[in-house]
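The residues making up each chain are set out below.
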Amino acid sequence: EKGGWPSFMAKEISEDPEAIENTIRGRFHEGRVTLPDLDALGEGYFREIDRIIIVACGTAYYSGQTAAYMLEKWSRIPVQVELAHEFRYRDPVVDERCLIVSLSQSGETMDTLMAVRFARERGAKTLSICNTQGATIPRESDAVVYTHAGPEVAVASTKAFVAQIAAIYLLALHAAQARQTLTDAEVAHILAEFETIPDKVREVLQHHDRIRELANWMADTRSVLYLGRNTGFPIALEGALKLKEIAYIHAEGFAAGELKHGPIALIEPGQPVFVLVPSPRYDDTLHPKIVSNIQEIRARGARVLAVAEVSDAAVLPIADEVFTVPPTDPAFEPLLHVVPLQIFALELSTAKGLDVDQPRNLAKSVTVE
Ligand code: F6R
C-alpha cells in the first residue's frame, strides 16, 4: 500500500503534485474557472456577501491562512481566518452576508463541525472544502468543493494541505469572475500558471536526497526556527507544526518582520533557521527585507537553511544551505515552498528512529472537542 515508500507520509508527500493536479482538473476551461459545486449557494451569491471567514484547525488552519492572501486580493472580499475552536466562543459578528468556509481533510473534526453549525444558526451560508466524500462537515454545509488529494493515511497532513490551497484558489478566482475584480486576461494568466504548478512541485521533490542528508546530520537538533513574510509566514508556521508533530522537536514559525520585536533574542550560534525567500523578480520590497533578516540572524551565528528561487543570487552567498524552487507567480510560491519543509520533518523523524506515520499522542481525525 505504501507503493515502495518506507512510510505513508513519504508516499503522500511524493503525491503533492497529483493532489494539486486532481483538485484543479476539470475545474477550468478556456481561461475561466467553472465550479458548479458552488451553484448551491445561489445565483449572484458572491456579489452579495461582504465577508468570508475561514474556519479550520491545525494544518488546515495554516492552509487557510496561506490561501487567504490570494482569496482577498483576487476577490476583494475581506477574509478572516479563525481557529474553529476559538471562533464560536467569542460571539463573532456572523450574519447572512458572511460566507463561512470550513477546511478539513477528514470532514469529521469536531471543533470545525461545531463552528459550521454555529455559523448556520447565525444565518450564514457554509462552504465545506473537504477531502473525504460524504463526511459529516460537507453533509452539513450548504455547498462543498472536494479536494482530490486521495486518501491521506499518515497522521501528519501533507498532500491535503497543498490541495486545500489549490481549492481555495479556485474559489478565489470564481469569486473574482463573479465580482469582476480581475479581468478575463488576468484570470486566464493565473490559470495558465496554475497548470504548471504540479510539474514545478515535482522539481522541488528532487531535493529529497539532499534534505535527507541534512536531516541525518541534524538528528540531535533541539530546536528549529522558521521565518517567512506574507504567504511565507503561515508556511513557516506549518513547517514548524510538522516538525513538532512527528520529530518531537521544539519548533516555532515567525513572521520575519517580528524578529526585531522579540524572537531575534533566541538566535545563538548554531541555531538552525529555515527562511522562506520570496522571488526577487516580482517583488522589490519583500525580497530585500528577507535578505536583511538573513544577514541579521547570520551575524548572530544562525545556520541559515533557505528556500529560494533558483536564480536568487543574493541568497546563495549568505545561506548555509539553499533548496531552490523554480520561478513562479508569487501566488503559487507557498505550494513550492512547503515541500522541502514537509520532507525535512519526515526525514528528521526518520533519522531519530520515530514512527513517522503514527506520532505519539495524536490521532488522524479529532472527533472530540
Ligand atoms: C497536522 C494535522 C492536524 C490536522 C487537524 C485538522 O499535520 O494533521 O493538525 O490538520 O487536526 O484536521 P482536518 O483537516 O481533518 O479537519
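Before any of the text, the structure's been laid out above.
Here is a short report on the structure shown in this document. No experiment lies behind these values; they were computed from the predicted model shown.

Topic: the sheet that holds strand 11 (residues 303–309)
- Strand order in the open sheet made by the five strands is 9-8-10-11-12, with parallel pairing throughout. The sheet is open, and its two borders are formed by strand 9 (250–255) and strand 12 (321–325), each paired with just one other strand. Strand-to-strand twist in this sheet, taken as the mean axis angle between neighbours without regard to direction, amounts to 15°.
- With five bridges joining them, strand 11 and strand 12 adopt parallel strand pairing. What sits directly across from Val-307, in strand 12, is Phe-323.
- Set on the sheet, helix 13 (residues 286–299) makes contact with strand 8 (223–228), strand 10 (272–276) and strand 11; between it and strand 10 the angle comes to about 175°.

A look at the site of the ligand
- Taken together, 13 residues lie around the ligand, and Ser-104, Gln-105, Ser-106, Thr-109 and Glu-245 are the ones closest in.
- Interatomic distance of 2.6 Å between a backbone N/O atom of Gln-105 and an oxygen atom of the ligand.
- In this structure, an oxygen atom belonging to the ligand sits 2.7 Å away from a side-chain N or O atom of Ser-106.
- Elements supplying a minimum of two residues to the shell around the ligand: helix 4 (58–75) and helix 12 (232–247).
- The greatest single-element share of the shell around the ligand, amounting to three residues, is contributed by helix 4.
- A breakdown of the residues in the shell around the ligand according to their chemical character gives four nonpolar, seven polar and two charged.

Let's talk about the nonpolar core
- The biggest cluster of nonpolar side chains holds 96 residues, and the ones touching the most others in it are Phe-46, Trp-74, Phe-194, Tyr-226, Leu-243 and Phe-344.
- It is helix 8 (residues 159–179) that contributes the most residues to this core, 14 residues altogether.
- Ranked by size, the runner-up nonpolar core spans 22 residues in total, among them Val-277, Ile-294, Ala-302 and Ala-319.

So, the sheet that holds strand 7 (residues 143–146)
- Spatial ordering of the open sheet is given by 4-3-5-6-7, a layout of five strands whose pairing is parallel. The strands lining the two open edges of the sheet, one partner per strand, are strand 4 (79–83) and strand 7. In this sheet, neighbouring strand axes are inclined to one another by 20° on average, regardless of whether the strands run parallel or antiparallel.
- In terms of strand pairing, strand 5 (residues 98–104) meets strand 6 (residues 125–130) through six bridges, oriented parallel. Residue Val-101 lies in a different strand from strand 6, and its bridge partner there is Leu-127.
- Contacts between helix 4 and the sheet are confined to strand 3 (51–56), strand 4 and strand 5, with strand 4 contributing the most and set at about 175° to the helix.

Side note on the environment of Val-145
- Take Val-145: it is sitting in strand 7.
- Sequence-distant contacts of Val-145, that is, excluding residues within four places in its chain, are made with Arg-27, Leu-35, Asp-37, Leu-38, Leu-127, Ser-128, Ile-129, Cys-130 and Ala-167.

Looking at the side chain of Thr-59
- Tracing the sequence through the fold places Thr-59 in helix 4.
- Excluding residues that lie within four positions of it along the chain, Thr-59 makes contacts with Ser-157, Phe-161, Glu-238, Leu-241 and Lys-242.

Thoughts on the packing of aromatic side chains
- Scanning the model with the defined rule gives ten aromatic pairs in all.
- Their ring planes at 65° and their centres at 4.8 Å tell us that Phe-274 and Phe-344 sit as a pair that is edge-to-face. With Phe-274 in strand 10 and Phe-344 in helix 14 (residues 333–351), this residue pair connects regions lying 70 residues apart in the sequence.
- According to the relative accessible area criterion, Phe-274 is buried, its value standing at 1%.
- Relative accessible area serves as the criterion here: at 0%, Phe-344 is assigned to the buried category.
- Lying over the aromatic face of Tyr-248, Arg-360 brings its terminal NZ or CZ to 3.8 Å of the ring centre.

Structural notes on the pairing of strand 6
- With five of six residues buried, strand 6 is to be regarded as a mostly interior element.
- The parallel pair strand 5 and strand 6, bridged by helix 6 (residues 110–121), forms a crossover whose chirality is right-handed.
- Looking at chain direction, strand 6 and strand 7 are connected through four bridges and run parallel. Bridged to Leu-127 within strand 7 is Ala-143.

Thresholds, definitions, all that
One numbering rule holds for all chains: residues counted from 1, following each sequence as written. pLDDT decides what is reported in this predicted model: residues at 70 or higher carry local features, side-chain atom pairs at 80 or more are listed and counted, and totals for whole chains, interfaces and linings draw on all residues regardless. To get the side-chain values, take all heavy atoms of the structure and skip hydrogens and water. When DSSP locates at least two bridges between a pair of strands, those strands are taken to pair. By definition, any uninterrupted DSSP run of H or I lasting at least four residues is a helix, any uninterrupted run of E lasting at least two residues is a strand, and each is numbered from the N terminus. An axis is simply a line fitted to the C-alpha atoms; with a helix, the fit covers only the stretch in contact. Between two such axes, the angle follows the N-to-C directions and lies from 0 to 180 degrees. The contact rule is simple, with two residues in contact once any of their heavy atoms fall within 4.5 Å. Here a residue counts as near a molecule or strand whenever at least one of its heavy atoms sits within 4 Å of it. Counted as a polar contact is a pair of N or O atoms within 3.5 Å, where, for protein atoms, one must be capable of donating a hydrogen and the other of accepting one, and residues adjacent in sequence contribute only when both atoms are in side chains. Residues were grouped as follows: Ala, Val, Leu, Ile, Met, Phe, Trp, Tyr, Cys and Pro as nonpolar; Asp, Glu, Lys and Arg as charged; and all remaining residues, including Gly, as polar. In plain words, nonpolar cores are sets of buried Ala, Val, Leu, Ile, Met, Phe, Trp, Tyr and Cys residues tied together by side-chain atoms within 4.5 Å. Think of it in three bands: residues with accessible area under 20% of the maximum for their type are buried, residues over 50% are exposed, and the middle band is partly exposed, with areas taken using a 1.4 Å probe on protein chains only. Only Phe, Tyr and Trp rings take part, Trp by its six-membered ring, and two of them pair if their centres are within 6.5 Å. Stacked means planes under 30 degrees apart, edge-to-face means over 60, and tilted covers everything else. Only lysine NZ and arginine CZ atoms are considered, and such an atom sits over a ring when it is within 6 Å of the ring centre and within 35 degrees of the ring normal. Place the viewer so that the strands point away; then a crossover is right-handed whenever the path from the first strand over the helix to the second strand goes clockwise.

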